[in-house]
Amino acid sequence: MSRVVGNDTEHKLLALLRIALNCSAEAANDKQIFSLDAEDWRNILDLAAAHTVTGLVYAAVKKLPSDLCPPDNISLKLMMEAERIERYSRKVAAFTEKLVSELKGASLAPVFMKGHEVAKYYPEPYLRVCGDIDIYFQPSEFQMAVSFFKEKGYAPQRRPDHSFFSNSGPGIDIHPYYFDLHVRLEKLPPVPSTEAVLLMLSSHILKHAMGPGVGLRQICDMVVCLKAFTGNSAESNCTYNSVKLEEYFQAAHVATWNKVLLAFISRYFGLDTAMFSGSVNAGQPLPKKIRKLLSSFERIVFSGGNFGFYNISRKKTATSKFSGKRKIDTFYRFLRNTPFSLRCSPREFFSYTFSLLKGNLD
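Residues numbered from 1 in each chain as written. Predicted model: local features only at pLDDT ≥ 70, side-chain atom pairs only at ≥ 80, totals over all residues. Heavy atoms only, no water.

## Quick look at the overall build of the chain
In step 1: Secondary structure assignment for the chain yields 16 helices and 5 strands.
In step 2: Across the 362 residues in the chain, those meeting the buried criterion constitute 54%.
In step 3: The long-range fraction of contacts in the chain, counting pairs at least 24 apart against all pairs at least 6 apart in sequence, stands at 70%.
In step 4: For the chain, the computed accessible surface area is about 16,700 Å², with 53% contributed by carbon and sulfur atoms. (Helix = DSSP H or I, 4+ residues; strand = E, 2+ residues; numbered from the N terminus. Buried < 20%, exposed > 50% of the residue type's maximum accessible area, 1.4 Å probe, protein only. Contact = heavy atoms within 4.5 Å. Areas by Shrake-Rupley, 256 points an atom, 1.4 Å probe, with all protein chains shown as cover.)

Dropping the structure here:
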């Protein structure tokens with residue numbers, strides 16, 4: 001892998017993520033990468049926490065030879081944090097299992113989205129840091145679902161984007177839309193389907209890359225799904241129609257963006273993205289436009305971390321009691337990323353900006 005990331009700590013963290021996700025087994029024995037002192041490991045763990053991938057670092061460290069592992073005091077701290085992540089993930093899984101049973105008992109058909117949906121594709125699912133539980137309901141069921149959550153005491157609150165959020169349990173997002181896209185539904189893949197998952201993940205990463213920022217955890221989600229849905233080669237175990245998927249990306253006006261995301265995954269996770277719909281052919285240099293957009297996307301990822309909260313200005317506004325400060329910070333980030341957004345997907349940029357001005361984004 002060519003060294004393109006901004007500093008050595010990023011380089012090491014990415015190597016650990018490749019090991020954790022089974023993208024690069026040989027890296028575990030690379031003494032040139034992992035001959036690290038205590039300060040190096042502390043820097044890696046700080047960056048991993050900013051990107052909410054500490055559990056994945058632990059999964060990778062377990063695969064390292066003993067002479068390349070962190071010092072005992074750091075290993076113990078990492079193990080304790082990984083156990084905390086795993087305990088919480090199991091708690092959320094048990095909560096979700098009970099919730100699914102109740103929903104089905106009410107003749108509702110939930111479709112889980114984002115992190116909860118893709119965690120099962122990780123080599124060690126419970127080491128993926130859990131966020132809110134995102135649930136989509138078909139339009140014919142959405143109001144029934146909201147009523148169900150109200151009757152069960154979850155007290156969902158309506159948001160400006162027409163979704164509902166409940167602080168009960170781990171946090172529940174109830175969505176009337178499956179995709180973060182402003183496109184007519186008939187142009188998008190059926191839900192549920194593997195094509196829908198890939199388009200949903202890609203467009204969700206784009207949304208946050210345009211605005212507050214996006215971290216490596218969300219990109220890891222896309223990596224594990226691509227591996228799970230495609231199999232080991234273009235001819236084996238592919239569970240989606242690559243031609244149809246490319247048509248969906250084109251119809252959603254995010255085909256250029258998807259090429260950028262796949263280029264990032266190819267560069268930093270070592271996947272042969274030639275097997276994936278919309279990628280640049282293997283062995284071919286990236287077109288100039290994609291190369292420039294990739295550089296901009298790298299800056300967004302490595303300067304902000306998980307949804308931008310690694311950035312100092314975002315940290316300050318995230319803890320502010322005044323929502324106006326957070327909205328201003330988000331809008332500033334939209335403006336800063338305007339050249340990137342306009343070249344990736346101008347249609348989505350203008351739609352997101354309009355939503356932001358209406359107060360839909362925070």
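What follows continues from the structure just given.
## Some points on helix α7 (residues 139-151)
In step 1: Given a rise of 1.5 Å per residue, 13 residues ought to cover 18 Å, and the 19 Å separating the end C-alpha atoms of α7 matches this to within 8%.
In step 2: Taken together, the buried positions of α7 are occupied by E141, F142, A145, V146, F148 and F149. Projected down its long axis, α7 carries its buried residues within an arc of 160°, all on one side. Turned more than 90 degrees away from the buried face of α7 sit S140, Q143, K150 and E151, all of them exposed. (Expected span 1.5 Å × (residues − 1). Arc of directions from axis to C-beta.)

## Focus on unusual backbone geometry
In step 1: With omega at 0°, the peptide bond leading from V191 into P192 counts as cis.
In step 2: With respect to the helices and strands, P192 occurs in the loop between β5 (172-175) and α8 (194-210).
In step 3: Even without being a glycine, S107 presents a positive backbone phi close to 60°.
In step 4: By the element assignment, S107 lies in the loop between α5 (72-105) and β1 (111-113).

## Structural notes on the sheet that holds strand β4 (residues 164-166)
In step 1: Spatially, β1-β2-β5-β4-β3 is the arrangement adopted by the 5 strands of the open sheet, whose pairing is mixed. Of all the strands in the sheet, just β1 and β3 (157-158) have a single pairing partner and so form its edges.
In step 2: Taken together, the 4 bridges between strand β2 (residues 133-136) and β5 define a ladder with parallel strand orientation. What sits directly across from D134, in β5, is D173.
In step 3: Seen against the sheet, α7 touches β2, β4 and β5 and runs at an angle of roughly 150° to β5. (Pairing = 2+ DSSP bridges. Axes fitted to C-alpha atoms, helices over the stretch in contact; angles between N-to-C directions.)

## Thoughts on the pattern of salt bridges
In step 1: The final tally for this structure, using the stated rule, is 14 salt bridges.
In step 2: K120 is the partner of E117 in a salt bridge, and the nearest nitrogen-oxygen pair spans 3.3 Å.
In step 3: Linking R159 and D173 is a salt bridge whose minimum nitrogen-to-oxygen distance equals 2.9 Å. Placement of the pair is R159 in the loop between β3 and β4 and D173 in strand β5, with a sequence separation of 14 residues.
In step 4: Residue D173 is classed as buried on the basis of its relative accessible area of 6%. (Salt bridge = Lys/Arg side-chain N within 4 Å of Asp/Glu carboxyl O.)

## Digging into a nonpolar patch on the surface
In step 1: Judged by side-chain polarity, L76, M79 and M80 come together as a nonpolar surface patch covering roughly 270 Å² of accessible area.
In step 2: Looking at the element boundaries, M79 is found in helix α5. (Patch = residues over 30% accessible without salt bridge, like charges linked within 9 Å, V, L, I, M, F, W, Y side chains within 5 Å.)

## Regarding α8
In step 1: Over its 17 residues, α8 extends 25 Å from the first C-alpha to the last, a length consistent with the 24 Å expected when each residue adds 1.5 Å.
In step 2: Of all 17 residues that make up α8, 17 are buried, and the element is covered over most of its length.

## Describing the packing of aromatic side chains
In step 1: Enumeration according to the criterion identifies 16 aromatic pairs in this entry.
In step 2: The interplanar angle of 85° and the centroid separation of 5.8 Å between the aromatic rings of Y268 and F302 together place this pair among those described as edge-to-face. Of this pair, Y268 sits in helix α11 (residues 255-269) while F302 sits in helix α12 (residues 288-304), placing them 34 residues apart in sequence.
In step 3: Residue Y268 is classed as buried on the basis of its relative accessible area, which comes to 0%. (Phe/Tyr/Trp six-rings, centres within 6.5 Å; stacked < 30°, edge-to-face > 60°.)

## Regarding the environment of F142
In step 1: Tracing the sequence through the fold places F142 in helix α7.
In step 2: Look at F142 and you get buried, because its relative accessible area is 7%.
In step 3: Sequence-wise, F142 and P176 are 34 residues apart; in three dimensions their C-alpha atoms are separated by 6.2 Å.
In step 4: The residues contacting F142, other than those within four sequence positions of it, are F137, H162, F164, I174, H175 and P176.

## Details of the packing of α8 against helix α10 (residues 242-251)
In step 1: Viewed as axis vectors pointing N to C, α8 and α10 meet at an angle of 35°, and their least axial separation amounts to 10 Å. Crossing hand, α8 versus α10: right-handed. Contacts from E195, L198, L199 and S202 in α8 reach L245, Y248 and F249 in α10.
In step 2: The class makeup of the residues in the contact of α8 with α10 is 5 nonpolar, 1 polar and 1 charged. (Left-handed = near helix turned anticlockwise from the far one by under 90°. Nonpolar A, V, L, I, M, F, W, Y, C, P; charged D, E, K, R; others polar.)

## Section: the pairing of β5
In step 1: Residues I172 and I174 line one face of β5 and the alternating positions D173 and H175 line the opposite face, and both faces are buried.
In step 2: Here β4 runs beside β5; their pairing, made up of 3 bridges, is antiparallel. Within β5, the residue paired with S166 across the bridge is I172.
In step 3: Turn length for the β4-β5 hairpin, with the two strands adjacent in sequence and antiparallel, is 5 residues, and the turn residue G169 shows positive phi of about 60°.

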